[in-house]
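# Results of the structural survey
In case you want the letters, here they are:
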Amino acid sequence: MMSIQRNALRTAVRAAAQAQQQPAALAGVRYASTKSLVDAVAEVVPEKQEQLKQLKAKHADSSLGEVKVSNLLGGMRGLKIMLWEGSVLDADTGITFHGKSIPDCEKELPTAKDLGQEGKEMLPEAMLWLLLTGKVPSVEETKGLSQELAAKGTLPAYAEKVIDSFPKSMHPMTQFSAAVAALNHDSAFAAGYKKGMKKTEYWQPTLEDSISLIAKLPAVAARIYYNVFGRGDGKQAIDSSKDWIGNYSQMIGYGNSVGMTDYLRLYIAIHGDHEGGNVSAHATHLVGSALSDPFLSYSAGLLGLAGPLHGLANQEVLGFMQDMQKSVSENPSKEQITDYLWSVLKSGRVVPGYGHAVLRQPDPRFTALQRFASQRPELQSASIVQLVQKVFEVAPGVLTEHGKTKNPFPNVDAASGCVLYSYGMSEFSYYTVVFGVSRALGALPQLVWDRALGMPIERPKSMSIQALNAFLSK
Ligand code: HAX
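Please read these numbers as outputs of a predicted model, since none were measured by experiment.

Residues in close proximity to the ligand total 21 residues, the closest being G353, Y354, K404, K406 and D413. Within the backbone of G311, one N or O atom sits 3.5 Å away from an oxygen atom of the ligand. Between the ligand and K404 there is a distance of 2.7 Å, counted from an oxygen atom to a side-chain nitrogen or oxygen. Notes on the ligand: free accessible area 920 Å², of which the protein chains cover 76%. Here the shell around the ligand is composed, by residue class, of ten nonpolar, seven polar and four charged.

Right under this line is the structure:
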């Protein structure tokens, strides 16, 4: 059974390889490594399908809690209503990826150095492998995946034209989402669905599309950076000897900065997944549930990421910190920071980078980024990095005294943009694009699992105020 499935997969992958225009030298690499990642996923599929079958058979009628009016009116917070395989978010301990915390991943996942590159941080492609399969990849498997992504990373000419046609004044996130949607022109899933496929086969072209899209995200993001800000090399040429983010960094003009390249690896690895309920992940899952292909589904996820209460917050934090520096001092004292935070709160604004819908402790992603900043000598003198640390020492106390937020601690955005800025990326409106390169690592694997497990179209019940009142008065 398993070998029949694998043979079918190999045939599908070979056909897709032939259909794509790849340089001959890369096509071999692409095929060899696709095979091993597809095999790794194929090994887990029957096991998960069996787990789901058992759940349905034994627990279909078990309750996961009651639904209150406050859930309906409160953004569905706390309701357990979605299956999500890659990661679980605990209010106190934060995110774990298949049971592994960020420090576990930092210890166990292959790093840039393992692949012969400069840099110590874990590789996002190793995180992708973990999120997809639940297993830590070997160095060889990670290397194969890096080569696979390099081989598939070049944009088709039509996509380059689409991106080049956007006005510079269009927000980079709008460009990003539109470009990703345009890539569905070559979707293996959409083509297979049109031709006719068995439901049990859906996950295979979904995986093929997901890898193809993840491979191309750096080139899309780099082209937008070049077109809007004139930075980077403008050619987006991919070097097959580099890791996925090594190439991205090169394309946006930071190839010679070991610090920035390694920061991007860490940033992109830890922003990849934050369980299913956040807006970008949920939007991808929701749109995908209508069997929209991975390009269309992730395009929707990016539009959710572009909101100021979600991914855009990293851009907001930097503006907030710089406003504080301008109106108080470049190195404000703790007392001055306290006064500034109170003035912000009293004017009815939020402190960006603080609070979270689920977390009730400092975000471990913030801790990981702060660890990075404290270990890089070139960041020690950056006033904005020092300010992030000082605000962290003051803001939880102020927010607790203010008494509104349920979580007075920093989320990941409190630190992320400030380190990008310190390395010279001063274009705030581009920051969420970097986040968008990352979030695909979690949102797209779940789409593969949605299809492998035959999850249905999402269709929760909504109620009007009138219907709600009528129901409650019964
Ligand atoms: N500063 C001031 N007030 C805050 C606050 C903050 N950082 N965080 C929450 N509050 C307020 C809320 O506005 C809300 O006030 P009202 O009752 O007047 O509406 C009250 O505290 C209760 O909110 P909550 O239940 O603690 O938080 P929510 O789940 O409603 O919202 C948010 C979570 C992250 C959106 C919120 O904390 C916030 O706006 N933070 C600032 C923006 C930010 O950092 N966003 C990034 C989040 C991480 C992320 O998704 N990154 O992609």
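We are not done yet, so read on.
Looking now at the side chain of R365. Mapped onto the elements, R365 comes out in helix α17 (residues 364-375). Leave out the neighbours within four places in its chain, and R365 touches I102, I270, H274, H356, V412 and R439.

To continue, consider helix α15 (residues 313-327). For α15, spanning 15 residues, the distance from its first C-alpha to its last is 21 Å, which sits close to the expected 21 Å at 1.5 Å a residue. Burial within α15 is extensive, with eleven of its 15 residues counted as buried. Those residues of α15 lying buried are A313, N314, Q315, V317, L318, G319, F320, M321, Q322, M324 and Q325. Buried residues in α15 make contact with α12 (258-270), α16 (334-346), α18 (383-402), α19 (413-422) and α20 (431-452).

This part is about the packing of α12 against α19. Two numbers describe how α12 lies on α19: the axes approach to 11 Å, and their chain directions differ by 160°. With respect to their mutual orientation, α12 and α19 come out roughly antiparallel. Crossing of α12 against α19: the hand is left-handed. Contact residues: α12 offers M260, Y263, L264 and Y267, while α19 offers A415, S416, V419 and L420. Looking at the contact of α12 with α19 residue by residue, the class counts come to seven nonpolar, one polar and no charged.

A side chain of one charge can pair with a side chain of the opposite charge if their charged atoms are brought near each other. Within the structure shown, the criterion is met by 14 salt bridges. As a salt-bridge pair, R265 and D243 come within 2.9 Å of each other at their nearest N and O atoms. One end of the pair, R265, is in helix α12; the other, D243, is in the loop between α10 (203-229) and α11 (244-251), with 22 residues separating them in the sequence. With respect to burial, R265 and D243 carry one shared label: buried. The closest approach of N and O atoms between K334 and E393, which form a salt bridge, is 2.8 Å. Note that K334 is positioned in helix α16 and E393 in helix α18, a separation of 59 residues in sequence. Put simply, E106, E121 and R371 are held in one network by salt bridges that share partners.

A word on the confidence of the model for the protein chain. Here the protein chain averages 92 in pLDDT, and 93% of its residues register 70 or above. Note on residues 1-34: pLDDT under 50 across the span, and 44 contacts to partners over four residues away in sequence or across chains.

This part is about the nonpolar core. If you look at the biggest cluster of nonpolar residues, it comprises 120 residues, and the most contacted ones within it are F176 and M425. For this core, the element with the most residues is α10, which contributes 14 residues. When sequence neighbours within four positions are dropped, the list of residues in contact with F176 reads L217, V220, A221, I224, L302, V433, G436 and V437.

So, how was this worked out
- Residues numbered from 1 in each chain as written.
- Predicted model: local features only at pLDDT ≥ 70, side-chain atom pairs only at ≥ 80, totals over all residues.
- Heavy atoms only, no water.
- Near = heavy atom within 4 Å.
- Polar contact = N/O pair within 3.5 Å; in protein donor to acceptor, adjacent residues only side chain to side chain.
- Areas by Shrake-Rupley, 256 points an atom, 1.4 Å probe, with all protein chains shown as cover.
- Nonpolar A, V, L, I, M, F, W, Y, C, P; charged D, E, K, R; others polar.
- Helix = DSSP H or I, 4+ residues; strand = E, 2+ residues; numbered from the N terminus.
- Contact = heavy atoms within 4.5 Å.
- Expected span 1.5 Å × (residues − 1).
- Buried < 20%, exposed > 50% of the residue type's maximum accessible area, 1.4 Å probe, protein only.
- Axes fitted to C-alpha atoms, helices over the stretch in contact; angles between N-to-C directions.
- Parallel < 35°, antiparallel > 145°, perpendicular 65-115°, else oblique.
- Left-handed = near helix turned anticlockwise from the far one by under 90°.
- Salt bridge = Lys/Arg side-chain N within 4 Å of Asp/Glu carboxyl O.
- pLDDT = per-residue confidence, 0-100.
- Core = buried A, V, L, I, M, F, W, Y, C linked by side-chain atoms within 4.5 Å.

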